[in-house]
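Inside the fold
Listed here are the chains, written in short residue letters.
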Amino acid sequence: MDTTFDDLFSGRCILVNGPVIVGAGPTGLSVGAGLKQEGVPFVILERASCIASLWQNRTYDRLKLHLPKQFCELPYHPFPENFPEYPTKHQFIDYLESYVKKFDINPRFNESVQSAKFVETCDLWRVKTLRNDDSTIEYICRWLMVATGENAEKVVPEFEGLQEFGGSVLHACDYKTGEAYQGKNVLVVGCGNSGMEVSPDLCHHNALPLMVVRSSVHILPREIFGKSTFELSVKLTMWLPVWVVDKTLLAAARLILGNVEKYGLKRPSTGPLQLKNIQGKTPVLDIGALKQIRSGKIKIVPGINRFSTGKVELVNGQILEIDSVILATGYCSNVPSWLKSRFFFIIIFFSRDGFPKSNLPNGWKGKSGIYAVGFSRRGLSGASLDAIRVAQDIGKIWKKEIECNKKCKSHF
């Protein structure tokens, strides 16, 4: 239950009898469902006007889940049996809507967290939000759960001359369909999963994509001999060292995909799983881009030197005429912009890139009631596991305090 106090600080103040969860994406919803199971009250704050705003507002129309549905389920609620192995974007959103309804989760929408500060004198968190009407609300709570995820903000690199280009420049998060690009030369900057998905979609709409591949990248088949590559890697790592699994995956990829380096797609020297563990760089699961690259419908080009009016100059000196640019340049955490690191324990827990430090024994729990959920770089399955752990941890504390209160009352 919440107790409201007016003008206790600046604006409206709400005392939350439980945790404040920042973010109503799949991760925040998972924590909320877990806390419901534990009987712990909570508040979820969401800057957008809907749940899972990344999925609803910042993904292209033909997107499907990269992994089989069993690895993308949220806790306590499986996908419907009639869903395909790789659900579409719209099916996943429908699933999330049913999740919210099942667990009666009610996020507070259109509230953007401006700051979260820990008040040491009273051992509480102060979370300040800004609403769409420019009013502010301050939430006071004992526990803060950071569930804004790995992809909270788009990364937009600076390129010399881009302002002079004159054509359409769009980040992949704003790309919906290639229909408007028919017959146009489109420079897709980036060869990660976004670039490898946007480019075939452009081909589907008879556009002419040129994909910028500046660095090395691991491309793996989505399935190996009928089995999910992700599922296979999970099972193999239970019995074999990571380096052995990497060699196995690369051998299978070579057999199924052939030598991708001859198309300008150089592989890193470090194996795909090792690279994921060390740098958090996810290998690309091919869903059709390689076929289009082999046929020449997607052209691979090296890094960018500079832009000019209607043109791009590459690092090899080649100059290409292009109509549009799509920046498939990824995303980043926005935690450093609002979580104030005045206290040493926050600096220890979160790195400057907005992720919990990898050398911590519990990457999901810090000191003084702060939790990080969905930053394990292990997709939805990793986020769900974090959510269960966090909810159970809070649940133990909550139940212990209730028991203590009952014992105290019995003495009077």
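Residues numbered from 1 in each chain as written. Predicted model: local features only at pLDDT ≥ 70, side-chain atom pairs only at ≥ 80, totals over all residues. Heavy atoms only, no water.

Observations concerning unusual backbone geometry
The general pattern is negative phi for most residues beyond glycine and trans for most peptide bonds. If you check the backbone angles, Ala-52 has positive phi at about 50° while not being a glycine. Its location among the elements puts Ala-52 in the loop between strand E4 (43–45) and helix H2 (53–57). Note on Ala-52: relative accessible area 2%, which makes it buried. One non-glycine residue, Ser-368, lies in the positive phi region at around 60°. Residue placement: Ser-368 occurs in the loop between helix H10 (344–349) and strand E23 (370–372). (Helix = DSSP H or I, 4+ residues; strand = E, 2+ residues; numbered from the N terminus. Buried < 20%, exposed > 50% of the residue type's maximum accessible area, 1.4 Å probe, protein only.)

Some remarks on the pattern of salt bridges
Tallied over the entire structure, the rule returns eleven salt bridges. The partner of Glu-138 in a salt bridge is Arg-126, and the shortest N-O contact between them spans 2.9 Å. Placement of the pair is Glu-138 in strand E7 (residues 136–141) and Arg-126 in strand E6 (residues 124–131), with a sequence separation of twelve residues. Looking at Glu-138, the relative accessible area reads 6%, which means it is buried. Look at Arg-126 and you get partly exposed, because its relative accessible area is 29%. (Salt bridge = Lys/Arg side-chain N within 4 Å of Asp/Glu carboxyl O.)

Quick notes on the pairing of E6
Pairing geometry for strand E5 (residues 111–119) and E6, over eight bridges, is antiparallel. When the sheet's bridge partners are listed, Ala-116 is paired in E6 with Val-127. Counted between consecutive antiparallel strands, the loop separating E5 from E6 contains four residues, among which Asp-123 sits at a positive phi close to 60°. Pairing between E6 and E7: six bridges, direction antiparallel. Within E7, the position partnered with Val-127 by the bridge is Tyr-139. From the end of E6 to the start of E7, which pair antiparallel, there are four residues, and Asp-134 there has a positive phi angle of about 70°. (Pairing = 2+ DSSP bridges.)

Some remarks on the confidence of the model for the protein chain
In this model, the protein chain carries an average pLDDT of 89, and 92% of its residues clear a pLDDT of 70 or more. Between residues 1–9, whose pLDDT stays under 50, and residues either more than four places distant or in other chains, the model counts 23 contacts. (pLDDT = per-residue confidence, 0-100. Contact = heavy atoms within 4.5 Å.)

Section: the nonpolar core
Of all hydrophobic cores here, the largest spans 69 residues; its most connected members are Leu-35, Ile-105, Leu-202 and Leu-265. Residues within four places of Ile-105 in sequence aside, it is in contact with Leu-29, Gly-32, Ala-33, Phe-42, Ile-44, Tyr-99 and Val-100. Counting residues in each nonpolar core, the second largest holds 25 residues, with Val-22, Leu-45, Trp-125 and Tyr-139 among its members. (Core = buried A, V, L, I, M, F, W, Y, C linked by side-chain atoms within 4.5 Å.)

Looking at the packing of helix H1 (residues 26–38) against helix H3 (residues 89–102)
As a packed pair, H1 and H3 sit with axes 11 Å apart at the nearest point and diverge in direction by 25°. Classified by the angle their axes make, H1 and H3 are roughly parallel. Here H1 runs over H3; the crossing is left-handed. Judged by residue contacts, Pro-26, Leu-29, Ser-30 and Ala-33 of H1 engage Phe-92, Leu-96, Tyr-99 and Val-100 from H3. In the contact of H1 with H3, the residues fall into seven nonpolar, one polar and no charged. (Axes fitted to C-alpha atoms, helices over the stretch in contact; angles between N-to-C directions. Parallel < 35°, antiparallel > 145°, perpendicular 65-115°, else oblique. Left-handed = near helix turned anticlockwise from the far one by under 90°. Nonpolar A, V, L, I, M, F, W, Y, C, P; charged D, E, K, R; others polar.)

Things to note about H3
Compared with an ideal rise of 1.5 Å per residue, which puts 14 residues at 20 Å, H3 spans 20 Å between its outermost C-alpha atoms and is within 8% of the ideal. Among the residues trailing H3, Asp-104 stands out with phi positive, at a value near 50°. (Expected span 1.5 Å × (residues − 1).)

Observations concerning the sheet that holds strand E18 (residues 304–308)
Pairing in this open sheet of three strands is antiparallel, and the strands run E18-E19-E20 from one edge to the other. A single partner strand is all that each edge strand has here, and the edge strands are E18 and strand E20 (319–321). Between one strand axis and the next, the sheet turns by 25° as a mean value, whatever way the strands run. Both strand E19 (residues 311–314) and E20 contribute to a ladder of three bridges, which runs antiparallel. In the strand pairing of E20, Glu-313 is matched with Ile-319.

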